[in-house]
Amino acid sequence: MIKFEHIGLRYGIGPEILSDVNFSLDPGSFHFLSGPSGAGKTSLMSLLYLGRRPTRGLITMFGQNTGGLTREQLAAQRQRIGVVFQDFRLLNHMSAFDNVALPLRIAGKNEKEIQGNVNELLDWVGLGEAKRSLPNTLSGGEQQRIAIARAVITRPRLLLADEPTGNLDDEIGMRLMNLFEQLNKMGTTIVIATHNQAMMDSFGHPRLVLDKGRLSVEEGSTELRKKLQGVF
Amino acid sequence: MSKKVKKEKSLGTAQKKRRYDLPLNESSGSGFLRLLIALMSILTILALTTGFVLSDMTGRWAAGVQNHMTVEIPAEDKNGNVLPGENVRALSQKAQEIAAAHEDIESAEILPEEKIKEMVAPWLGEDISTSGNAVPLPGLISIKLKAGAEINTEAFQKQLKTVSPMIRLDTHESWLSTVLRFTGALKFAAYFITLTILITTIVAVAGAIRSKMAIHKDELELLHLMGALDSYIARQFQRHSMILAFQGAAIGCFIGGIILLLSSSMAGHMEISIVPEFQMNPPQIGLLCLLPFFISLLAVGTARHTVLRVLREMP
Ligand SMILES: Nc1ncnc2c1ncn2[C@@H]1O[C@H](COP(=O)(O)OP(=O)(O)OP(=O)(O)O)[C@@H](O)[C@H]1O
Ligand SMILES: [Mg+2]
């Protein structure tokens, strides 16, 4: 479904942050993206959510070469991708509810459907009480949950999350990982960038490891996956 | 959302602000844009009205003068001696007969002395005694041409000179053409000013929209990343600028209207007889009433065009 071939990325005239990155993601796969701070995880994510173009190489997504997309096609592809940004990027002038509803409004869903879905999801992530609050009046963990809710509300085909559990306590962190697992079961392709070794160990998904601009793929532990199969 | 709230919201009076994906209502430029459009509307309405009134006025002047000529019989002979009133009257009578007999002339009327006195009163005072031959009154014949007739003025003048070499034929043409050229230039200036104001409005609205977009660059990028089309984003700016522009234009046109009423009543008080009433025809009044809508449309169109242009430069 997604294929990166000989991808290179540099910012301006700076050094190459990513060089000759090659990988492909099958539909319905679940990957962790790891690597030391500054390795380029967020940069790779931005290529995945079509936020910037690579300086070289070819990205194929949903069967199309992303280099040749019209603005309309680009918008349509982006609507299939849900993103949890490392810095959340919530809109602070609108309520938690409206933030989560935004992707549905952009996609032109009707307001009744939006009300139902958004309320349900906010209750589920434990923010039912806070839905009228502005994001900047909420805690970091609460904001993170809004960001996650916003990313998954459209049931995207590709879900990208950059350190999605960084500000969360273990219980809520597990709850959200649980949500990601469920979405993945329903067919969503997922990539989660994280430093959290414990989390990666306990889920056994394959890893994309970035180091010094190079990417290597580590197989997950199938044994562990089998054991977990019953849990989720 | 109830109909009432909807209406109040579109007028910007509702308590709860309309939901925008961008914090357009919060950014400081809104008040500036509203004020700017209000001021531009005042200027537009004044300049446009000036143009309308001038064009109406010149039209009526021309129509009033074009089919008319005046024959003047001076109250003096060619040596500068004052002629007695009876002589002037006799000469006038003769000239009138010649004029009335002319095939291109519909009517020729000797103006009664009272009327002439009235006309010269502003210059010479009310009580001129003609008997004391202090001020000799000339004879005037007002001539109305047949509709569509093209009289040969030179031949006609020659005919009149047989009565007295002092007789003058005034076709008003030189006066008219001077006045028409003058008012024509004023009219052009008024319309040109209107156009300049509208262009200034467009430039200012585009600038305001651009600065708003620069302020909200991050939010715009986010909307794009969520798959928003440029037209989706443009619609928000359109709605925003539509509301601001309409409020501004309505306020501006209201104030402009008051200024017009004041100045028209002032012109009325001055009783300037050469200025026909301060008047406009119904289509012109209609046009002025549509001005707020037109200005709003202009603002919306400018906003859309600007937003789409700026967005196209973004990833
Ligand atoms: N917009 C940018 N302009 C210039 N350089 C950038 C930009 N974004 C990132 N970089 C640089 O690219 C490198 C990789 O950054 P990136 O944010 O992708 O790393 P990361 O793996 O996500 O780090 P972290 O784990 O701390 O989030 C860094 O050296 C950073 O300075
Ligand atoms: Mg990062």
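Residue numbers run consecutively from 1 along every chain, following the written order of its sequence. Just so you know, chain letters begin at A and ligand numbers begin at 1, following the order they were written in. Where totals are concerned, whole chains, interfaces and linings use all residues; where local detail is concerned, this predicted model gives features only for residues with pLDDT of at least 70, and gives and counts side-chain atom pairs only at 80 or more. Based on all heavy atoms of the structure, the side-chain values leave hydrogens and waters out of the count.

### Some details on a nonpolar patch on the surface
Patches here are clusters of residues that have more than 30% relative accessible area and form no salt bridge, with a 9 Å joining cutoff for like charges and a 5 Å cutoff for nonpolar side chains (Val, Leu, Ile, Met, Phe, Trp, Tyr). The Shrake-Rupley method, run with a 1.4 Å probe, gives the accessible areas here. Residue values count only the displayed protein chains as cover. Each reported salt bridge corresponds to a side-chain nitrogen of Lys or Arg within 4 Å of a carboxyl oxygen of Asp or Glu. Judged by side-chain polarity, Ile251, Phe254, Ile255, Ile258, Ile259 and Leu262 of chain B come together as a nonpolar surface patch covering roughly 540 Å² of accessible area. Looking at Ile255 of chain B, the relative accessible area reads 35%, which means it is partly exposed. In this scheme, a residue with accessible area under 20% of its type's maximum is buried, one over 50% is exposed, and one in between is partly exposed, where area comes from a 1.4 Å probe on protein chains only.

### Some words on the coordination of the magnesium ion (ligand 2)
Residue and element names in this part refer to chain A. In this listing, donors mean N, O and S atoms no farther than 2.8 Å from the metal, or 3.2 Å for Na, K and Ca; water is missing from the atoms, so a site can look incomplete. Surrounding the magnesium ion (ligand 2) are the protein donor atoms Thr42 (OG1) and Gln86 (OE1), which sit 1.9 to 2.2 Å from the metal. Within this pair, whereas Thr42 is found in helix α1 (residues 41–48), its partner Gln86 is found in the loop between β6 (81–84) and α3 (96–106), the two being separated by 44 residues in sequence. What makes Thr42 partly exposed here is its relative accessible area of 36%. Classification of Gln86 by relative accessible area gives partly exposed; the value is 40%. Each helix is a run of DSSP H or I of at least 4 residues and each strand a run of E of at least 2, with the numbering of both proceeding from the N terminus.

### Topic: the pairing of strand β1 (residues 2–10) of chain A
Residues and elements named next belong to chain A. Pairing between strands requires that DSSP locate at least two bridges from one strand to the other. Sheet topology places β1 next to strand β2 (residues 16–25); six bridges connect them, and they run antiparallel. In the sheet register, Ile7 faces β2, and the bridge partner there is Val21. Taken together, β1 and the strand that follows it, β2, pair antiparallel across an intervening segment of five residues, in which Gly12 is found at a positive phi of about 60 degrees. Here β1 runs beside strand β4 (residues 56–61); their pairing, made up of five bridges, is antiparallel.

### What about the domain arrangement of chain A?
Residues and elements named next belong to chain A. Source of the domain bounds: an automatic or database domain assignment. Looking at the assigned domains, one finds that chain A contains domain 1 (2–80 + 156–229) and domain 2 (92–155). Taking only C-alpha atoms into account, the centre of domain 1 sits 23 Å from that of domain 2. We call two residues in contact when some of their heavy atoms are within 4.5 Å. On the domain 2 side, the residues contacting the 17 residues of domain 1 number 13 residues. What gets called buried area is simply the loss in accessible area from a 1.4 Å probe that two parts show on being joined, summed for both. Of all residues in domain 1, the largest losses of buried area upon contact with domain 2 belong to Gln79, Pro156 and Arg175, amounting jointly to 34% of the total for that side. Between N or O atoms, a polar contact is any pair within 3.5 Å; within protein, one atom must be a potential hydrogen donor and the other a potential acceptor, and residues adjacent in sequence are included only when both atoms are from side chains. Summed over the shared surface of domain 1 and domain 2, the result is two residue pairs in polar contact (both at pLDDT 80 or more).

### Remarks on the pattern of salt bridges
Counted according to the given criterion, the structure contains nine salt bridges over all chains. Here Glu221 of chain B ties to Arg89 of chain A by a salt bridge, and the two come within 3.3 Å at their closest N and O atoms. With Glu221 of chain B in helix α7 (residues 217–225) and Arg89 of chain A in the loop between β6 and α3, this pair bridges two chains. Look at Glu221 of chain B and you get partly exposed, because its relative accessible area is 24%. The partner of Glu72 of chain B in a salt bridge is Arg168 of chain B, with the nearest N and O atoms 2.6 Å apart. Of the two residues, Glu72 of chain B is situated in strand β1 (residues 68–73) and Arg168 of chain B in strand β4 (residues 168–170); the sequence distance between them amounts to 96 residues. Judged by its relative accessible area of 47%, Arg168 of chain B falls in the partly exposed class. Each of Asp98, Arg105 and Glu111 of chain A takes part in a single network of salt bridges with overlapping partners.

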